[in-house]
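Spelled out, the chains give:
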Amino acid sequence: MALQSEIVIVGGGAGGLELACKLGRKLGPSKVMLVDCRLYHIWKPSLHEVAAGTLDIHQEGLSYQMLAHDNGFTFIYGPMTALDSASRSITVGAVRAADGEDVLHERQVRYGSLVIAVGSTSNYFGVPGAREHTISLNATEDAERFRLRLLRLMAVAEQAREERHDADAALDIVIIGGGATGVELAAELREASGVYATYGFSRLQVQRDVRITLLEGAPRILAPLPERVSNAALKLLGERGIRVVNDCRVTAIEPQRVLDKNGNIYPASLCVWAAGIKAPDFLASLGLPVNKGGQIEVDAQLRVAGVPGVYALGDCAACIDASGNPVPPRAQAAHQQADYLGNGFLRQAAGKPPKEAPYRYRDYGSLVSLGKTTSVGSLMGSLRGASWFVEGMMARFMYTSLHLMHHKAVLGTMRTGVLAVARFLVRRATPLVKLH
Ligand SMILES: Cc1cc2nc3c(=O)[nH]c(=O)nc-3n(C[C@H](O)[C@H](O)[C@H](O)COP(=O)(O)OP(=O)(O)OC[C@H]3O[C@@H](n4cnc5c(N)ncnc54)[C@H](O)[C@@H]3O)c2cc1C
């Protein structure tokens, strides 16, 4: 028998999960269903912390089953693989364990309204070797794979120094892409490697033995942000012994090295791809209109043209908002769109006429984390074009508050919320890394 729900949301990330929680609390589990191919949720902007080992997925991951229970929606575990818009149903594929064991069989889910919020994946731009020899930070498993490999490489370097007195034993980490993800990862790794050295790798001197290089194709890192923010980030990275190479076009990646168009070779024991994103490939097979990057085209009310009852939001949606500008793939956009759609569905459920005002993206600025104690960025004012440069502890506090807002949106009761926030702040104030 097919599963069914009035509102089916596919993708429990920054946008989809907030929408499921908001609707579930008002409409209940018989009317709201969330489908995700994972069992637990980690807020994607914190994946660089998972990679560095400063955030433990086993402590911070929020179980979808628990969130469904607390917020009043139904959770279905599995990947969406197909859409039949004529019969208003989606296919949720089988789930198989890593060892090949069948866990769940394929299912059909019928919907009244469908919201697709499946996020984004890496865009390798056809660079040879990028897919095979780099790790991206697009999913929790990638970040965890990076962390375990980092630990292994540090153990190898430590052992070489201890047993063979090998003075050259070191690790070269190359991060490709000097956007927010690459910059945040570089800074977090530098801090984390210091903590690793304190706890278990006493023979490694972090600045000497954990060499971090950030390669950026544009003339400056954080290119979409004001120049002052780039300069401040560059200075902070320099102070942490991180090498930044701008105007660097990567042409190939091999198992232990990265090559650029000027013939430079960068040794790389561990290489991260943070140079671009695109929509997940399966979206192009759903019969929905998609743009060149594979994102689903939606109007400013987040509806897919010509396909009644289907909406998309977040990174996987190509939306030109009410001001005529494309909405950027950012957590704050996903959060706002979830809120916008949620209000529309709640009006509908209450029998009120739809609110015609189209969605308008509000840019509140961008903050880039540079470790536990500092961030840099610019905050947008309400006056057109005005932005304020922010830096240091204050910026760090504002950066953290973005994550807290997400926690607040997905945690059901005040008590649970307060406890989770307290736990969250304590963890972030404690210089610990995950060593196993
Ligand atoms: C390291 C890093 C740092 C970032 N920092 C910031 C920041 O500081 N500020 C900011 O605004 N943005 C930041 N971003 C971008 C931000 O994370 C994304 O824009 C945001 O998460 C997009 O939200 P979403 O809901 O569209 O998708 P996601 O949050 O990516 O969620 C997608 C969900 O869909 C699920 N899914 C995928 N495929 C399927 C399928 N076939 N079936 C079922 N479920 C599926 C996934 O499991 C996931 O739960 C950062 C991103 C990264 C990687």
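Our subject in this report is the structure included herewith.

Conventions we followed
- Residues numbered from 1 in each chain as written.
- Predicted model: local features only at pLDDT ≥ 70, side-chain atom pairs only at ≥ 80, totals over all residues.
- Heavy atoms only, no water.
- Helix = DSSP H or I, 4+ residues; strand = E, 2+ residues; numbered from the N terminus.
- Rg over C-alpha atoms; globule rule 2.2 N^0.38 Å.
- Buried < 20%, exposed > 50% of the residue type's maximum accessible area, 1.4 Å probe, protein only.
- Contact = heavy atoms within 4.5 Å.
- Areas by Shrake-Rupley, 256 points an atom, 1.4 Å probe, with all protein chains shown as cover.
- Lys, Arg positive; Asp, Glu negative; His and termini not counted.
- Charge placed at Lys NZ, Arg CZ, Asp CG, Glu CD.
- Pairing = 2+ DSSP bridges.
- Axes fitted to C-alpha atoms, helices over the stretch in contact; angles between N-to-C directions.
- Near = heavy atom within 4 Å.
- Polar contact = N/O pair within 3.5 Å; in protein donor to acceptor, adjacent residues only side chain to side chain.

### Re the overall build of the protein chain
Then comes step 1: The helix and strand inventory of the protein chain stands at 12 helices and 26 strands.
Then comes step 2: Taking 2.2 N^0.38 as the reference for a compact globule, 436 residues should give roughly 22 Å; the C-alpha atoms of the protein chain span a radius of gyration of 22 Å, in line with that estimate.
Then comes step 3: When its C-alpha atoms are laid out on the principal axes, the protein chain stretches across 70 × 55 × 45 Å.
Then comes step 4: Residues counted as buried form 51% of the 436 residues belonging to the protein chain.
Then comes step 5: In the protein chain, once contacts between residues fewer than 6 apart in sequence are set aside, the share between residues at least 24 apart is 64%.
Then comes step 6: Just so you have it, the protein chain exposes about 20200 Å², and 55% of that area is on carbon and sulfur atoms.
Then comes step 7: For the protein chain, the distance from the average position of its 47 positive side-chain charges to the average position of its 41 negative side-chain charges is 5 Å.

### What to know about the sheet that holds strand 18 (residues 265-267)
Then comes step 1: The strand order across the open sheet formed by three strands is 16-17-18, and the pairing between neighbours is antiparallel. Edge positions in the sheet fall to strand 16 (250-254) and strand 18, since each of these pairs with one other strand and no more. Each strand of the sheet is rotated relative to its neighbour by a mean of 20°, with strand direction disregarded.
Then comes step 2: Bridge count between strand 16 and strand 17 (residues 257-260): four bridges; the pairing is antiparallel. What sits directly across from V250, in strand 17, is D260.

### A few points about the site of the ligand
Then comes step 1: Near the ligand you find 34 residues, and of these G15, D36, R38, D315 and A331 are the closest.
Then comes step 2: Within the backbone of P329, one N or O atom sits 3.2 Å away from an oxygen atom of the ligand.
Then comes step 3: Residue assignment for the shell around the ligand shows that the elements contributing at least two residues are strand 2 (32-36), helix 7 (180-199) and helix 10 (331-349).

Purely geometric stuff here, so don't read any function into it on its own.
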